[in-house]
Amino acid sequence: MRKLWAVVLLFFCGCAYTQQVQDLSLRLSSVEGQLQVQEKRLSRLEARQRDLNRRLSELEKRLSALEKETGALSQRRADLLAEIQKTQAEIARLNGLLEELSYQQRQDQAAFSEFQGEVLKRLAALEKGKKVSAPPSPTGKTSRPGQEELYRQGLAALKQKNYARARKLFRQYLELYPQGKYAPNAYFWIGETYYAQRRYEEAILEYQKVVDHYPKHYKVPAALLKQALSFLHLGDNEAARILFRKIVKEYPRSEQAPVARKYLKRLGR
């Protein structure tokens, strides 16, 4: 009887063990399936991570390039701002200088006009006290000299330093050919004859005729320069300075302008 119970007990124990083994197998299969799913998910996550790392690397490269470009742009902007400020400062300086020159020009013009009036009055009084003999009028027996020949004779006399004869010939030219092509030159050379003889007031008057009657003529800068030099010889530095400035401002490209600048520098502008 005991053997029978032992056999029965063993049978039931074996059945229970077999059931446990089957349960464990099923659980193991389930766990393996879950592990496979997790491995697949892990693989996909690793692939996603690699993709994100690659994109992050690209973004870092782009960021570095942008930082370099931004740095270059910032430097360029700073350079441009500095250049703008420099230009603005230069414009302000030039505007100030222009205003100063405009004011000085108005002052110089007013002073020159006033001074010119005084000089012309003084020279007019000087002329009234002089007796200038008129050049001989041509007669029927004397042929009228051509303007080319008469002008050439005047230049020849001037070259020979025969100033009285040169003046006579140039005045004769002006009387016979008041609208002649050498009229401005004749007035100028008459002024030169007086200048050579240190008769500076009379020279100034003759030079002024060139300026007044022929303001567009090429001899005007030369006449202004010789007027200024005449005033220097007369000891009137202020009048000379005004004329030198006029030459520099109105005839900056003339050959007299560098000479005027040199004298202005000596006079202290």
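For clarity, every value in this text was computed on a predicted model and none was experimentally measured.

Chemist: Teacher, can you tell me more about the overall build of the chain here?
Modeler: Helix and strand counts for the chain come out as eight helices and zero strands. Ordered by position in the sequence, the α and β elements of the chain form the string α-α-α-α-α-α-α-α. Counting over 269 residues, the chain shows a buried share of 28%. In the chain, of all internal contacts separated by at least 6 residues, the share reaching a separation of at least 24 is 55%. Of the accessible surface of the chain, which amounts to about 19500 Å², a share of 56% is contributed by carbon and sulfur atoms.

Chemist: Sorry if this is basic, but what is going on with helix 6 (residues 220-233) here?
Modeler: Residues spaced three or four apart along an α-helix face the same direction, because each turn holds 3.6 residues. Spanning 14 residues, helix 6 covers 20 Å between terminal C-alpha atoms, matching the ideal 20 Å at 1.5 Å per step. Counted residue by residue, helix 6 has 12 buried out of 14 residues, so it is predominantly covered. The set of residues buried in helix 6 consists of V220, P221, A222, A223, L224, L225, K226, Q227, A228, L229, S230 and F231.

Chemist: Whenever I open this one, the nonpolar core confuses me. Can you help?
Modeler: Generally speaking, a soluble globular protein has its nonpolar side chains buried in company with each other. Counting 44 residues, the largest nonpolar core has F170, Y173, L174, F188 and F244 as the members making the most contacts within it. Only helix 2 (147-159), helix 3 (163-176), helix 4 (183-196), helix 5 (200-213), helix 6, helix 7 (237-250) and helix 8 (257-267) provide two or more residues apiece to this core. If near-sequence neighbours (up to four positions away) are discounted, F244 is found in contact with L225, A228, L229, L232, A260, Y263, L264 and L267.

Chemist: Help me understand the packing of helix 2 against helix 4 in this model?
Modeler: How two helices sit against one another is set out by the angle between their axes and by the gap between those axes. Running from amino to carboxyl end, helix 2 crosses helix 4 at an angle of 20°, the nearest separation of the two axes being 11 Å. Between helix 2 and helix 4, the angle is such that the two are roughly parallel. Here helix 2 runs over helix 4; the crossing is left-handed. Side by side, helix 2 and helix 4 meet where Y151, L155 and L158 of the first sit next to N185, A186, W189 and T193 of the second.

Chemist: Would you mind going over the packing of helix 4 against helix 6 with me for this structure?
Modeler: It is the contact of helix 4 with helix 6, at a shortest axis distance of 11 Å, that shows an interaxial angle of 20°. Relative to helix 6, the element helix 4 lies roughly parallel. Considering the relative orientation of helix 4 and helix 6, their crossing is left-handed. For the pair helix 4 and helix 6, contact is made by F188, E192 and Y195 and by A222, A223, K226, L229, S230 and H233, respectively.

Chemist: For this particular structure, what's the right way to read the pattern of salt bridges?
Modeler: Proximity of charged atoms lets side chains of opposite charge pair with each other. What the rule picks out here adds up to 11 salt bridges. Of the charged contacts, one joins K246 and E250 as a salt bridge, the two residues approaching to 3.1 Å between their closest N and O atoms. With K246 and E250 both in helix 7 and four residues apart, this pair spans about one turn of that helix. When its relative accessible area of 18% is taken as the criterion, K246 is described as buried. Put simply, R48, D51, R54 and E58 are held in one network by salt bridges that share partners.

Chemist: I would appreciate a short explanation of the packing of aromatic side chains in the present structure.
Modeler: The relation between two aromatic rings is expressed through the spacing of the ring centres and the mutual angle of the planes. Inspection of every chain in the model, using the stated rule, returns 10 aromatic pairs. With a centroid separation of 4.2 Å and an interplanar angle of 5°, the aromatic rings of Y151 and Y182 are classed as stacked. Residue Y151 is found in helix 2, and its partner Y182 is found in the loop between helix 3 and helix 4; the two are separated by 31 residues along the sequence. You'll find Y151 and Y182 in the same group, each marked buried. Look at Y195 and Y200: their rings are 5.4 Å apart centre to centre, the planes differ by 70°, and that puts the pair in the edge-to-face class. Given a relative accessible area of 17%, Y195 falls into the buried group. Members of the aromatic cluster, connected to one another through ring pairs, are Y151, F170, Y173, Y177 and Y182. Its end group placed over the ring of Y195, K226 keeps NZ or CZ at 4.0 Å from the ring centre. The positively charged end of R266 is found above the aromatic ring belonging to Y263, 5.2 Å away from the centroid.

Definitions and limits used
- Residues numbered from 1 in each chain as written.
- Predicted model: local features only at pLDDT ≥ 70, side-chain atom pairs only at ≥ 80, totals over all residues.
- Heavy atoms only, no water.
- Helix = DSSP H or I, 4+ residues; strand = E, 2+ residues; numbered from the N terminus.
- Buried < 20%, exposed > 50% of the residue type's maximum accessible area, 1.4 Å probe, protein only.
- Contact = heavy atoms within 4.5 Å.
- Areas by Shrake-Rupley, 256 points an atom, 1.4 Å probe, with all protein chains shown as cover.
- Expected span 1.5 Å × (residues − 1).
- Core = buried A, V, L, I, M, F, W, Y, C linked by side-chain atoms within 4.5 Å.
- Axes fitted to C-alpha atoms, helices over the stretch in contact; angles between N-to-C directions.
- Parallel < 35°, antiparallel > 145°, perpendicular 65-115°, else oblique.
- Left-handed = near helix turned anticlockwise from the far one by under 90°.
- Salt bridge = Lys/Arg side-chain N within 4 Å of Asp/Glu carboxyl O.
- Phe/Tyr/Trp six-rings, centres within 6.5 Å; stacked < 30°, edge-to-face > 60°.
- Lys NZ or Arg CZ within 6 Å of the ring centre and 35° of its normal.

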